Each structure stands twice: as structure tokens, then as C-alpha cells.
Amino acid sequence: MTTTRIALVGDRSPDVRSHLRVPLLLDALRELEGLDLDAYWIPTEEAEHHGVGGFDAVWLLPGSPYRSEAGALAAVRTAREEGIPFLGTCAGFQHALLEYARNVCGLHGIGHAENTPDAEDPLIVPLACSLVGHEGTIALNPGSLAAGLLGTERSVERYHCNYGANAAHLDTLRTHGLSFSGADTEGDVRVTELPGHPFFLATLFQPELGDGHRPHPFVRGLAAAAVAHAKAAG
């Protein structure tokens, strides 16, 4: 059996709930589906200096502000450019948008308000209302990767965040090929994906916060894509 290597990118902390949940989810996938998953925690500083090339999947985890914004963005860029399956949750969603804006759209001066509070034109901004501990309904675009994984076009998901996307910049990202495939009941973007990529999905909500023994379909989708990537790589 081919071993599947997954990079868990983030600054691991016992104070971040998702960091405690993820190992349980991977154990469940190993036990329930017989997947040979080998997960490595990669601090953002290590991702900055050594990269994540050679992995079969990259999961950019919550826990911002990251110690290295550059490392988080480098992990996204490698996954995007090299066709490595990618999942970004919460801060991972935010930095996936930031990487795309800078490196695909050419918005080099754009920033993240949590990382650079004095940024003149941030892409990631404080939410009007905190979503820490919040649950909300998500509407998904028919035919999207997200809807296909869930098997439905509506879902209730859990959040733990204070920052989201600045709607003023979304059309620019769309024009350059990024798809926003899920929104909350107010129409605010909560899911993004990249058409044409083997698996590139990011959510402002945290699918890892559900039952630790029943992996969310997005987590199962990442694992399946990672296994396929490992087999294709030989």
C-alpha cells in the first residue's frame, strides 16, 4: 500500500481546538476506511524556509496570526501551482485568498488586517460580528466541488473566527479564475475553490470542529484526493 503524506501547516497549540481535533479525524479515516495516512505538522516558519513540496496534500489550519505569514502563503502557492490537494480552514481560507490575490491577481500590496492592522487596502478584514462559537447555514453552488462532497446544497457549519473577505475585492479574484462556491444567509462568501485544480478547497468555517470520530465530507474529500495523488506519484 502506498503511504499518503499530508502536511498539516500551522503553529500547533493545545489552545487551538482544531489542532486537537485533526489527529482524531485522521485516526478515524485510518480505522474506518483503511487509509494509510502519514501526517506531518509543519510550523509556518518551517514552511517558509523548507516548503511543502513532496507531500500528497496540504491542510492549512486555523490558529492565526501565524508566526510566519510568508510560510502560510508559500504552502498555499506550492499546493496551487503543483496540483497538490489543498484544504484551508478558517485562517487557511483567509490566506488562500491572500495568496491568490498577490500571486495571481497581482495585488502585491494587499494585506490581512490581523497581520497588518495599518494596511490601507486589506483583503481580509474584521467581521461585522464575531463568528467565534457560531453555527450558521451555508448555501452551496450547484455543481461545485463543495456541493458534490456534501451531497447537498445547504449545510449548517461551525465557525471560530473574527476575520473574513473584503467583498470589494472578490470580483477581481473571480475574474482571475477563483470560484466562490458557498455563502451564508447574508450572502457573505464562506467557501472558495479553484476550478481545474485536482482538489483546492477553502472554508471560513471549520469542518474539523464536528464529531471527532466522523470526519466531515471535506476532510474525507481531501484524504481521498491525497491518496489519489500518492498513487499517481508512484
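Residues numbered from 1 in each chain as written. Predicted model: local features only at pLDDT ≥ 70, side-chain atom pairs only at ≥ 80, totals over all residues. Heavy atoms only, no water.

**A few points about the overall build of the chain**
Secondary structure summary: the chain contains seven helices and twelve strands in total. Computed over its C-alpha atoms, the radius of gyration of the chain comes to 16 Å, within 12% of the 17 Å expected for a compact globule of 234 residues. Projecting the C-alpha coordinates of the chain onto the three principal axes gives extents of approximately 50 × 40 × 35 Å. By residue count, 53% of the 234 residues in the chain fall in the buried class. Within the chain, residue pairs in contact and separated by at least 24 positions form 69% of the contacts whose partners lie at least 6 positions apart. In the structure as shown, the chain presents an accessible area of about 10,100 Å², 48% of it carried by carbon and sulfur atoms. In the chain, the 16 positive side-chain charges and the 29 negative ones have mean positions that sit 5 Å from each other. (Helix = DSSP H or I, 4+ residues; strand = E, 2+ residues; numbered from the N terminus. Rg over C-alpha atoms; globule rule 2.2 N^0.38 Å. Buried < 20%, exposed > 50% of the residue type's maximum accessible area, 1.4 Å probe, protein only. Contact = heavy atoms within 4.5 Å. Areas by Shrake-Rupley, 256 points an atom, 1.4 Å probe, with all protein chains shown as cover. Lys, Arg positive; Asp, Glu negative; His and termini not counted. Charge placed at Lys NZ, Arg CZ, Asp CG, Glu CD.)

**Considering the pairing of strand β7 (residues 135–140)**
For a regular strand, side chains alternate in direction, first toward one face of the sheet and then toward the other. Where β7 meets strand β8 (residues 154–158), five bridges bridge the pair, whose relative direction is antiparallel. Residue pairing across strands places Ala 139 opposite Arg 154, the latter belonging to β8. As paired strands, β7 and strand β10 (residues 179–184) are joined by three bridges and run antiparallel to one another. Bridge pairing in β10 links Ala 139 to Ala 183. (Pairing = 2+ DSSP bridges.)

**Observations concerning the side chain of Gln 94**
Secondary-structure assignment places Gln 94 in helix α4 (residues 91–103). The contact partners of Gln 94, leaving out residues within four places of it in the chain, are Ser 64, His 112, Ile 124, Cys 161, Tyr 163 and Leu 204.

**Some points on the side chain of Asp 184**
Residue placement: Asp 184 occurs in strand β10. A polar contact of 2.9 Å, which involves the side chain of Asp 184, links it to the backbone nitrogen of Glu 186. In contact with Asp 184, other than residues within four places in its own chain, are Thr 137, Ile 138, Tyr 159 and Arg 190. (Polar contact = N/O pair within 3.5 Å; in protein donor to acceptor, adjacent residues only side chain to side chain.)

**Some points on the sheet that holds strand β9 (residues 163–165)**
Across the sheet, three strands lie side by side as β5-β6-β9; this open sheet has mixed pairing. One side of each edge strand has no neighbouring strand; the edge strands of this open sheet are β5 (111–112) and β9. Across two bridges, β5 lies against strand β6 (residues 122–126) in parallel orientation. Directly across from Gly 111, in β6, lies its bridge partner Pro 122.

**Considerations on α4**
If you check α4, its first and last C-alpha atoms are 18 Å apart, about what 13 residues at 1.5 Å a residue would give, namely 18 Å. The buried fraction of α4 is high, at twelve of 13 residues. When α4 is considered as a whole, its buried residues turn out to be Ala 91, Gly 92, Phe 93, Gln 94, His 95, Ala 96, Leu 97, Leu 98, Glu 99, Tyr 100, Ala 101 and Arg 102. (Expected span 1.5 Å × (residues − 1).)

**Here's the deal with the nonpolar core**
Ranked by internal contacts, the top residues of the largest apolar core, which has 71 residues, are Val 9, Val 58, Trp 59 and Phe 86. Once residues within four sequence positions are removed from consideration, Val 9 is found in contact with Ile 42, Thr 44, Ala 47, Val 52, Val 58, Trp 59, Leu 60, Leu 61 and Ala 75. (Core = buried A, V, L, I, M, F, W, Y, C linked by side-chain atoms within 4.5 Å.)

**Here we look at helix α3 (residues 69–82)**
With 14 residues, α3 extends 20 Å from end C-alpha to end C-alpha; this agrees with the ideal 20 Å at 1.5 Å per step. Every buried residue belonging to α3 is among Gly 71, Ala 72, Leu 73, Ala 75, Val 76, Thr 78, Ala 79 and Arg 80, and all of these are buried. Where the residues of α3 are buried, they touch β1 (4–9), α2 (44–50), β3 (57–60), β4 (86–89), α4 and β12 (200–203). Taken from the residues just after α3, Gly 83 is the one with a positive phi, measuring 70°.

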